[in-house]
Amino acid sequence: MQIAVLGTGVVGRTLAPALAAAGHEVVVGTRDPAATKARDDWTLDLPLKAYDGVAEGADVVVNATNGQVALTALGAVGAQALAGKVLLDVSNPLDFSQGFPPTLTVKDTDSVAEQIQRAFPDALVAKTLNTVNCQVMVDPGRAGDGSSTMFVASDHAQARTVARQLLEGFGWRDIIEFEELNAARGMEMWLPLWVRLMGRLGTPDFNLKIVR
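Residues numbered from 1 in each chain as written. Predicted model: local features only at pLDDT ≥ 70, side-chain atom pairs only at ≥ 80, totals over all residues. Heavy atoms only, no water.

Colleague: Could you clarify how one ought to interpret the overall build of the chain in this entry?
Modeller: Within the chain, the regular secondary structure consists of 10 helices and 10 strands. Over its C-alpha atoms the chain spans a radius of gyration of 16 Å, differing by no more than 12% from the 17 Å that the globule rule assigns to 212 residues. When the backbone C-alpha atoms are referred to their principal axes, the chain occupies close to 40 × 40 × 40 Å. Looking at the chain as a whole, 52% of its 212 residues are labelled buried. In the chain, of all internal contacts separated by at least 6 residues, the share reaching a separation of at least 24 is 71%. Working note: accessible area of the chain is about 9700 Å², and carbon and sulfur atoms make up 50% of it. (Helix = DSSP H or I, 4+ residues; strand = E, 2+ residues; numbered from the N terminus. Rg over C-alpha atoms; globule rule 2.2 N^0.38 Å. Buried < 20%, exposed > 50% of the residue type's maximum accessible area, 1.4 Å probe, protein only. Contact = heavy atoms within 4.5 Å. Areas by Shrake-Rupley, 256 points an atom, 1.4 Å probe, with all protein chains shown as cover.)

See below:
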C-alpha cells in the first residue's frame, strides 16, 4: 500500500520506517520539509513532503500528529485529498499545559477521531494504536509475550479491514474491532491511566490484555 504518515514527532518517526520495513511505500508529511530535514533528530531515509501534497497517490493516511493539532494538520492536507481514503488516527488529546498528570482536551461525549470524521466526512476514519507506546505499536512483543490486545474502531468496514491488515503486519494477534467510531472515546480516555501506570511501572512497554 501507499501510505502517508502525518507528523515527524517520535510517533511518526517510529511508525513510518516500520511501515516501510513491512513493504509499504511510505511518505512522511510535515509543515515545513526544509526545517524538518535540518533537525538533529531527523534521520529517516524516507520521502518528506509538505502536508498539502503528501496524500497524493496515497491509499492510507496515518495521523500521527498530536491530538490537539490533528485537525489543523489534516486541514492542511485538504478534504479533497482525504476523500475516499482510509485515515488511521493514532493520536491522543493529551494536554500537559497544567503539568503532570495530563488532562484530556476532549472526553466522555466526543473524541479526536470523531472530530476528524465530522471535519472530513468523506474520509474513512479508524481509531487504533493510540492505547500503547509507539515502540509497542510496531513491536507488540515488547509488552509481555506479545499477545496483548489492540483495538480498532470505525464506522467503515473497509477502514477496519485495512487497519487489521496493518496491525497484523506489525505482529498483533489479538485485535478487537468496534463497528462504531464512537468507541474511540473509551480508547482515548484510557490514556490518563496509561500515563499513571507508566510512572508506577517504570516503563512504557506494557499493554492491556482482554481475557475472555
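Let us keep going from here.
Colleague: Any chance you could explain empty space enclosed by the protein here in plain terms?
Modeller: Picture a little ball the size of a water molecule; that probe, rolled over the atoms, points out where space is still empty. Applying the stated criterion across every chain yields a total of 1 cavity of 30 Å³ or more. Size it by volume and the largest cavity reaches roughly 90 Å³. Lining the largest cavity are Leu15, Leu19, Val62, Leu88, Val90, Thr128, Leu129, Ala163, Leu166, Leu167 and Phe170. Among the elements of the structure, α1 (10-21) and α8 (157-170) are those that each provide at least two residues to the lining of the largest cavity. Looking at the lining of the largest cavity, its residues break down into 10 nonpolar, 1 polar and no charged. (1 Å grid on protein atoms, 1.4 Å probe; cavity = no way out; pocket = protein on both sides within 12 Å on 5 of 7 lines; lining within 4 Å. Points joined across faces, edges and corners; volume = space filled by probe spheres on them. Nonpolar A, V, L, I, M, F, W, Y, C, P; charged D, E, K, R; others polar.)

Colleague: Looking at this structure, how should I read the sheet that holds strand β3 (residues 48-50)?
Modeller: Strand pairing in a sheet takes place through backbone hydrogen bonds and is either antiparallel or parallel in direction. Strand order in the open sheet formed by 8 strands is β3-β2-β1-β4-β5-β8-β9-β10, and the pairing between neighbours is mixed. Each having just a single partner strand, β3 and β10 (174-178) make up the two edges of the open sheet. The sheet shows a mean angle of 25° between the axes of neighbouring strands, taken without regard to direction. As paired elements, strand β1 (residues 2-6) and strand β2 (residues 25-30) share 5 bridges and run parallel to each other. Of the residues in β2, the one forming a bridge with Gln2 is Glu25. (Pairing = 2+ DSSP bridges. Axes fitted to C-alpha atoms, helices over the stretch in contact; angles between N-to-C directions.)

Colleague: Mind showing me how you'd approach the packing of helix α4 (residues 70-77) against helix α6 (residues 112-119) here?
Modeller: Two packed helices can be described by the angle between their axes and the distance between those axes. Put simply, α4 and α6 touch, their axes get as near as 10 Å, and they point 30° apart. Taken together, the axes of α4 and α6 are roughly parallel relative to one another. When the axes of α4 and α6 are compared, the crossing they make is right-handed. Facing α4, whose interface residues are Ala70, Leu71 and Leu74, α6 presents Val112, Gln115, Ile116 and Ala119. Its residues assigned to classes, the contact of α4 with α6 comprises 6 nonpolar, 1 polar and no charged. (Parallel < 35°, antiparallel > 145°, perpendicular 65-115°, else oblique. Left-handed = near helix turned anticlockwise from the far one by under 90°.)

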